[in-house]
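What follows is each chain in one-letter form.
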Amino acid sequence: MFYDLVYCALLVVAFPWLAWQRMRHGKYRAGFAAKFLGRVTRREGRNRCVWFHAVSVGEVMLLGRLIQEWREEHPDWDVVITSTTSTGFELAQRRYADCLVSYAPLDFSWSVAEAFRRWRPDLLVLAELEIWPNLLGAAKERRTPVAIVNGRLSEKSFRGYRRVRPLVGRWLGSIDWIGCQTTEYAERFRALGAAPERVEVTGSLKFDRAESDRDNPRTCELRRLVGLEPATPVWVVGSTQAGEEAVAWEVYRQVRADHPELRLVIVPRHQERFDEVARQLEQLGARVAAIAHVRCGMRGIAAVAKPVRYGFIGGHDRELGAWWGTASVAFVGGSLGSRGGQNMIEPAAYGAAVSFGPETRNFRDVVQLLLAADAAIVVHDAAEMRSFVERCLSEPRWSAGLGQRAQRVVAAQQGATRATLMGLARFAAPEITHQSSKAA
């Protein structure tokens, strides 16, 4: 009840902002009954059930291989997949059409209780760091084991949680197993109150889902659609935030004077910024006709705009994994400003010459691995970015070596999916039957 009162108070305070977001952008409209009342689609049958929760698109993609291999090893289990955001929900629906996909109930006691009654899960799997007291309480009441996979606890989050350690320790004490990305994260979970014997280091699932074959169908289709030959040098600037696109365009304009064969791909981090970025680049001298907006999903290509003319291609972040496969040179955005960086594993896995800005706290461990192996370059400003791109084009052997080392770093870190499945296997033993399975 205490947490319900806290959540209601926060909703009252945030209501004007939420209402504005709903009116202007159409956010928060979908899934009301599931989120606030727990009225999710009822699971039929008596099979055992695992509930995977992924907050948004990134976590849905992160869990992809884990879910696939779980289903292969446990074909008699039902699978429920939830996400909090509309984009995560839509992606999960496309990828797991034969699973029960839903919006996640918000952490009100009545919402999570109703969802548990309707789904009757035998195991709840949370991605990275999802500590919700009512959810954990409902699982404990029904004797449903809870596991965190790909566990991550940043220094900032750790400092915040440490201020309320007795409370957080009680929550963590109810979690049955935590598979962490690194030893450092594992130590932080233990320091906050997680039972030491329940915390293991499994590695990062992000490495396992990285594609390394440049001839994969989605990348080949993108090349064909925009007329890129395999030998064409392509600079992909991906997951950009405001300001980075203008920097990249100016660098490209300067570099192209000596390297007219170079093509540029800019992929904004958020799809809704595409038109804004296009207008901005047009004002800077780019031709709007040079922007090809391709919607590439699991079921193929839905729409393509005008063909490439000036070497600039635009897309959106859901396509980024396939775009990285076209890159000989890469810049990972969100790293020149304050966002803290985006995922640089994907371009590294393809063997691109990878660069990023200095603000990469969200991927600090990956950055350390790449820099220690001389497998990536940090660029602090436009001048260093230009120098990097020019060197990649002028010294192809150096560029190729950088990419090869990056590819080896990713390959060496793979294996987290198997380690995670082994950790979860203890909860799938045939002799284990939880109260939630018995309840109708």
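Predicted, not measured: the structure shown is a model, and the values here were computed from it.

For the rest of this paragraph, the subject is the overall build of the chain. Check the secondary structure of the chain and you find 21 helices and 15 strands. The buried share of the chain, reckoned over its 440 residues, is 52%. For the chain, restricting intrachain contacts to residue pairs at least 6 apart in sequence, the fraction spanning at least 24 positions comes to 67%. Taken as a whole, the chain presents about 20100 Å² of accessible surface, with 52% of it coming from carbon and sulfur.

With that settled, the discussion passes to the sheet that holds strand 4 (residues 123-127). Reading across the sheet, the seven strands line up as 3-2-1-4-5-6-7 and stay open at both edges, with parallel pairing between neighbours. Bordering the open sheet on either side are strand 3 (100-103) and strand 7 (199-201), each of which pairs with just one other strand. Across the sheet, the mean angle separating the axes of adjacent strands is 20 degrees when strand polarity is ignored. Pairing of strand 6 (residues 177-180) with strand 7 involves three bridges; the strand directions are parallel. Residue G179 lies in a different strand from strand 7, and its bridge partner there is E200.

A few words now on the packing of helix 13 (residues 244-256) against helix 18 (residues 382-394). Look at helix 13 against helix 18: their axes get within 10 Å of each other, and the N-to-C directions meet at 45 degrees. Considered as vectors, helix 13 and helix 18 are oriented oblique to each other. Note that helix 13 runs across helix 18; the crossing there is right-handed. Residues V247, A248, V251, Q254 and V255 of helix 13 touch helix 18, and the partners they reach there are A382, M385, R386, V389, E390 and L393.

What follows covers helix 9 (residues 165-173). Of all the positions in helix 9, only V168, G169, W171 and L172 are classed as buried. For helix 9, the angular spread of buried residues about the axis comes to 160 degrees, placing them on one side. Facing away from the buried side of helix 9, by more than 90 degrees, are the exposed residues P166 and R170.

Okay, the packing of helix 13 against helix 14 (residues 274-283) next. To describe two helices that pack against each other, one gives the angle between their axes and the distance between the axes. Contact geometry for helix 13 and helix 14: axes closest at 10 Å, N-to-C directions at 40 degrees. Here helix 14 runs oblique to helix 13, going by the angle between their axes. For the crossing formed where helix 13 meets helix 14, the hand is right-handed. Every residue of helix 14 that contacts helix 13 at E245, A246 and W249 is listed here: V277, Q280 and L281. Considering only residue class, the contact of helix 13 with helix 14 consists of four nonpolar, one polar and one charged.

With that settled, the discussion passes to the confidence of the model for the chain. Scored by pLDDT, the chain has a mean of 87; 86% of the residues are at 70 or more. A low-confidence stretch, residues 295-309 (pLDDT under 50), is modelled with 38 contacts involving residues beyond four sequence positions or located in other chains. Here residues 435-440 is a poorly scored stretch, pLDDT under 50, and it has 16 contacts once near neighbours within four places are set aside; other chains count.

Here we take up the nonpolar core. Across soluble globular proteins, nonpolar side chains show a tendency to be buried alongside one another. If you look at the biggest cluster of nonpolar residues, it comprises 67 residues, and the most contacted ones within it are F52, L63, W70, L172 and I178. It is strand 4 that provides the largest number of residues to this core, a total of five residues. Residues within four places of L172 in sequence aside, it is in contact with I131, I178, F189, L192, G193 and A194.

Once that is clear, we can look at helix 17 (residues 364-372). Listed as buried for helix 17 are D365, V366, V367 and L370. At its buried positions, helix 17 is contacted by helix 10 (183-191), helix 11 (205-208), helix 16 (345-349), strand 14 (353-356) and helix 19 (396-413). Just beyond helix 17, the residue with positive phi is D374, at close to 55 degrees.

Here we come to the environment of T85. For T85, the location among the structural elements is in the loop between strand 2 (78-83) and helix 5 (86-95). Distance in space between the C-alpha atoms of T85 and G31 is 9.4 Å, their sequence separation being 54 residues. With sequence-adjacent residues up to four places away left out, T85 is seen in contact with V55, S56, V57 and Y103. Within the local environment of T85, its side chain forms a polar contact with the side chain of T87, the two groups lying 3.3 Å apart.

We now examine the packing of aromatic side chains. According to the stated counting rule, one finds ten aromatic pairs in the structure shown. Relative to Y103, the ring of F89 lies with its centre 4.2 Å away and its plane at 20 degrees, an arrangement referred to as stacked. In this pair, F89 sits in helix 5 while Y103 sits in strand 3, placing the two residues 14 residues apart along the sequence. Overall, the relative accessible area of 14% leaves F89 in the buried class. Geometrically, the ring pair formed by W249 and Y252 is tilted, given 5.6 Å between the ring centres and 50 degrees between the ring planes. Within this pair, W249 and its partner Y252 are both found in helix 13, separated by three residues, close to a single helical turn. Overall, W249 belongs to the buried group, its relative accessible area being 6%. Of the aromatic side chains, those joined through ring pairs into one cluster are F32, F36, F108 and W110.

Before going further, it helps to spend a moment on the pairing of strand 1 (residues 49-53). In terms of burial, strand 1 is a largely internal element, five of the five residues being buried. Neither face of strand 1 is open: one carries C49, W51 and H53, the other V50 and F52, and all of them are buried. Two elements, strand 1 and strand 2, share five bridges in a ladder whose sense is parallel. Opposite C49, over in strand 2, you have D78 as the bridge partner.

Before going further, it helps to spend a moment on the pairing of strand 14. Neither face of strand 14 is exposed, since A353 and S355 on one face and V354 and F356 on the opposite face are all buried. Bridge count between strand 14 and strand 15 (residues 377-378): two bridges; the pairing is parallel. Across the sheet, the residue bridging to S355 is I377, located in strand 15. Once you follow strand 14 into helix 17 and on to strand 15, the crossover reads as right-handed.

The rules we used
Residues numbered from 1 in each chain as written. Predicted model: local features only at pLDDT ≥ 70, side-chain atom pairs only at ≥ 80, totals over all residues. Heavy atoms only, no water. Helix = DSSP H or I, 4+ residues; strand = E, 2+ residues; numbered from the N terminus. Buried < 20%, exposed > 50% of the residue type's maximum accessible area, 1.4 Å probe, protein only. Contact = heavy atoms within 4.5 Å. Areas by Shrake-Rupley, 256 points an atom, 1.4 Å probe, with all protein chains shown as cover. Pairing = 2+ DSSP bridges. Axes fitted to C-alpha atoms, helices over the stretch in contact; angles between N-to-C directions. Parallel < 35°, antiparallel > 145°, perpendicular 65-115°, else oblique. Left-handed = near helix turned anticlockwise from the far one by under 90°. Arc of directions from axis to C-beta. Nonpolar A, V, L, I, M, F, W, Y, C, P; charged D, E, K, R; others polar. pLDDT = per-residue confidence, 0-100. Core = buried A, V, L, I, M, F, W, Y, C linked by side-chain atoms within 4.5 Å. Polar contact = N/O pair within 3.5 Å; in protein donor to acceptor, adjacent residues only side chain to side chain. Phe/Tyr/Trp six-rings, centres within 6.5 Å; stacked < 30°, edge-to-face > 60°. Right-handed = clockwise from strand over helix to strand, strands pointing away.

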